[in-house]
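The residues making up each chain are set out below.
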Amino acid sequence: MFQLLIVDDESAVVDSLSDTLPWQTVGVTSVFKAYSGYEALEILKTNTIDILITDIHMPGMSGLELLAKAHRSWKKIKCILLSGHAEFDYARQAIRHNTYEYLLKPVSDEMILGKVKALAELLQKEREELLTYQLVAQAFEESLPKLRGELLNELLQGLELAPRSLQEKMELLKVNMRLGAEFALMLVRMEGKLSELDLYNLSLMEYAVVNMAGEIFEDGFRLWPCKDIHGFLVFLVTLKEGRKEEAADSENADQQLQQLASQLQLSVNHYLKGTVSVLIGKWGRFPQDVPKLYQDSLYSLRRRIGSQSGLLIYVSEALEQQPVHSLLRLYEPPLLVHLLESASWTLAEEKLQSVFQELRAKWADSSEHLVEVFFSIYASFSSLAHKNGRELAGMIGPGLSDVAGLAACRSLKALEEWTFQAFRLMKQSMENETKNDREHTVEKIKQYIRRHLTEDVSLQAVADYMYMHPVHISRIYKLETGENLSDYILRLKMEMAAVMLADRSVKNYEIALKLGYQNPNYFNKVFKKYYSLTPQEYRSKLDEDG
């Protein structure tokens, strides 16, 4: 659950603590080892360390200096300081650097394990408190109206969710609505001076209208509001009783709904000095009827209100239906263009398949629907190409990108073949581009490291040069090369050390310093681990071979 880093310039101490103690029993799953403060910082930059155990006296960078740097960059790390020095001044400095405990050597295994266990329990408690932290809850509460509106907007556009998922989401957002409940939609269009306001003042007016509606309708109805993609305020209206049991109740509810809508118009005119038109749609079942009733309401608004203002329209059951219905799958969220832009290739392919399923079921012989689908898909592909600085013809070829004659729209089969062939080429082109970008990035990283091998080639230095996060640098390099960036740097340093050891005029400690190892003993350990020979033994072998 937690990760531990042990730091000491005495390798025997580090290895003994790391390899012999039962860390799993106190909640530690991973133990990292460092033999200097510099090496510890490199580990801290590339790994999530929870607990740090360090010695005070180390060459190059003391334990207190390490603690100070760690506290500045990783404030949640808990620290234990080990030392053979009992001076109070050390303890006082350690406490200032957020050290949890100050222990004198020699210290028993039981003592170490006990302190780490206490730290692990403290960290676990902090994590649990963080999840229920009041500011997080408060921020969520403040965002609830916006999140509710976004969910309703998605449902209006045709988003389909599994009943259980939808119910869970509504419960999370505190939407007082049950599946299967009867509802009506009420559309409010801001008009006149209200529609001419700038974005800020219009938002204030819309907020005021929503509050007014809530107060006016609160005795008999529940409202779930949002602002739709056309700029209308849409209210999903339900009876507080939850359903209309009898025809008489239905008529009463309709009459009351119209009266309250009229009152909303008057209130907007009186208090906000503005005009709104209101359209009340037919009743349906939630959530299956939401998209259809929304489209019917928009159709009625266009037909019955049009460019007029200040009207109140109630859509009766007898209103004529749209003679030709539009495609649903093509325009329901998430849109194809958004899936392509986010490189969600699997979801994009599923989206296209659902569009063609709908075409086959309803409009296989409708040339207008085929052309509509073609140009919508073509526009999505073109948008993706242009946003990546490319021409569509360069990604799918001139044959597929040529719209002359609309050959792809001559039949459902031809359109489907064109679509998925172009889609596969788009996907391949984008994936090749991504791979090329990674290769270019890795090559720039390697060039920087080779040029600065005798200077600062820490992960942070490389990240600063590339203007990228250190973790992202590590992941890209590992993904492209299969090895850790630290292993590559080590290999280059050891290869350079081997070359420099061939020159007898250069001393071992000079080579260590030139390669960035402040502690020559640590350099000797690293070299021996890499070549299975100490630097001096390696030189002797070179003399024997020569």
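So, a few notes on the structure that sits alongside this text.

Definitions and limits used
Residues numbered from 1 in each chain as written. Predicted model: local features only at pLDDT ≥ 70, side-chain atom pairs only at ≥ 80, totals over all residues. Heavy atoms only, no water. Helix = DSSP H or I, 4+ residues; strand = E, 2+ residues; numbered from the N terminus. Buried < 20%, exposed > 50% of the residue type's maximum accessible area, 1.4 Å probe, protein only. 1 Å grid on protein atoms, 1.4 Å probe; cavity = no way out; pocket = protein on both sides within 12 Å on 5 of 7 lines; lining within 4 Å. Points joined across faces, edges and corners; volume = space filled by probe spheres on them. Nonpolar A, V, L, I, M, F, W, Y, C, P; charged D, E, K, R; others polar. Axes fitted to C-alpha atoms, helices over the stretch in contact; angles between N-to-C directions. Parallel < 35°, antiparallel > 145°, perpendicular 65-115°, else oblique. Contact = heavy atoms within 4.5 Å. Pairing = 2+ DSSP bridges. Right-handed = clockwise from strand over helix to strand, strands pointing away. Core = buried A, V, L, I, M, F, W, Y, C linked by side-chain atoms within 4.5 Å. Salt bridge = Lys/Arg side-chain N within 4 Å of Asp/Glu carboxyl O.

## Considerations on the environment of Y271
Okay, step 1: Mapped onto the secondary structure, Y271 falls in helix α9 (residues 247-271).
Okay, step 2: Judged by its relative accessible area of 58%, Y271 falls in the exposed class.
Okay, step 3: Separated by 218 residues in the primary sequence, Y271 and I489 have C-alpha atoms spaced 70 Å apart.

## What about the layout of surface pockets?
Okay, step 1: Roughly 1,500 Å³ of volume is contained in the largest pocket.
Okay, step 2: Taken together, 39 residues form the lining of the largest pocket, with E39, E42, I43, S486 and Y522 sitting closest to its centre.
Okay, step 3: Every element with two or more residues in the lining of the largest pocket is listed here: α1 (11-20), β2 (28-34), α2 (37-46), α18 (470-481), α19 (485-501) and α21 (520-531).
Okay, step 4: The element contributing the most residues to the lining of the largest pocket is α2, with 7 residues.
Okay, step 5: When grouped by side-chain class, the residues that make up the lining of the largest pocket number 15 nonpolar, 11 polar and 13 charged.

## Comments concerning the packing of helix α12 (residues 345-362) against helix α16 (residues 412-451)
Okay, step 1: One way to put it is that α12 packs onto α16 with a least axis distance of 11 Å and a crossing angle of 175 degrees. Classed by the angle they form, the pair α12 and α16 counts as roughly antiparallel. Along its contact with α12, which presents W345, A348, E349, L352, Q353, F356, L359 and R360, the element α16 presents L412, L415, E416, T419, F420, F423, M426, K427, M430 and E431.
Okay, step 2: The residue makeup of the contact of α12 with α16, split by class, is 11 nonpolar, 2 polar and 5 charged.

## Concerning the pairing of β2
Okay, step 1: Direction of pairing for strand β1 (residues 2-7) relative to β2: parallel, over a ladder of 6 bridges. For L4, the partnering residue across the bridge sits in β2 and is V31.
Okay, step 2: Regarding topology, α1 serves as the crossover connection from β1 to the parallel β2, and that connection is right-handed.

## Remarks on the nonpolar core
Okay, step 1: Of all hydrophobic cores here, the largest spans 36 residues; its most connected members are W23, I53, I112, V116, I511, Y517 and F523.
Okay, step 2: With 6 residues, helix α5 (residues 109-131) is the single largest residue contributor to this core.
Okay, step 3: In this structure, V116 is in contact with W23, V26, V28, I51, I53 and I80, ignoring residues within four places of it in sequence.
Okay, step 4: Judged by nonpolar contacts, the second largest core, of 34 residues, contains L330, L340, W363 and L412.

## Concerning the pattern of salt bridges
Okay, step 1: For the coordinates displayed, the defined rule picks out 21 salt bridges.
Okay, step 2: Across the salt bridge formed by E433 and R390, the nearest N and O atoms sit 2.5 Å from each other. Of this pair, E433 sits in helix α16 while R390 sits in the loop between α13 (367-387) and α14 (392-396); the two residues are 43 residues apart in sequence, bridging distant segments of the chain.
Okay, step 3: Judged by relative accessible area, E433 falls into the partly exposed class, the value being 21%.
Okay, step 4: Owing to a relative accessible area of 25%, R390 belongs among the partly exposed residues under this scheme.
Okay, step 5: In this structure, the salt-bridge partner of R438 is E480, at a minimum N-O distance of 3.2 Å. Of this pair, R438 sits in helix α16 while E480 sits in helix α18; the two residues are 42 residues apart in sequence, bridging distant segments of the chain.
Okay, step 6: The class for R438 is partly exposed, based on a relative accessible area of 22%.
Okay, step 7: Each of the salt bridges in this network shares a partner with another, and the network as a whole consists of K435, R438, E439 and E480.

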